[in-house]
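Observations on chain architecture
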Amino acid sequence: YGFYAPEPDGSGGEQRWAERRAVAVVQAPTRWVELTISVDYLNFVTRPVEAKVWRDGELVVDTQLTSMQPVTKYIPIPQNEKWVVLETWVSRTLYPPDFGVADDRELGLLIRWRFVDSPRLAAT
């Protein structure tokens, strides 16, 4: 619940908007999930946005978003787990109609999950 339909992410994958709180049960075909979160630029104009993500009840992302720069984390999936629960929370959402945009969704986090074989090393 709390997630909107997937949208193209510009790189051949999918991303989706989440409300203030959202939960999804997703199939885990590999042992790692690449999780990327961000917010709309209108959401952090006045102050940072707090964001949290849990995997199977374990807090795996606890961050402040201060720009449109996405935050990506590689989250391990426990061995033999075929499904995982991803839960998100964000401290502030926005309503596009408040800014003259014809979109009746409550926009919190923009999130993408992609299952990968292993985490990539971060560029230095």
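Residues numbered from 1 in each chain as written. Predicted model: local features only at pLDDT ≥ 70, side-chain atom pairs only at ≥ 80, totals over all residues. Heavy atoms only, no water.

1. Focus on the pairing of strand β5 (residues 49–55)
Looking down a regular strand, the side chains alternate between one sheet face and the other. Counting buried positions along β5 gives 5 out of 7 residues, so the element sits mostly inside the fold. Bridge analysis of β5 against strand β6 (residues 58–65) gives 7 bridges, and the strand direction is antiparallel. Bridge pairing in β6 places tryptophan 54 opposite leucine 59. The turn joining β5 and β6, which pair antiparallel and follow one another in sequence, is formed by 2 residues; a positive phi near 50° is taken by aspartate 56. Alignment of β5 against strand β8 (residues 83–90), held across 5 bridges, turns out to be antiparallel. By the bridge assignment for β8, tryptophan 54 is matched with glutamate 87. (Buried < 20%, exposed > 50% of the residue type's maximum accessible area, 1.4 Å probe, protein only. Helix = DSSP H or I, 4+ residues; strand = E, 2+ residues; numbered from the N terminus. Pairing = 2+ DSSP bridges.)

Interpretation in functional terms is not warranted from these geometric data alone.
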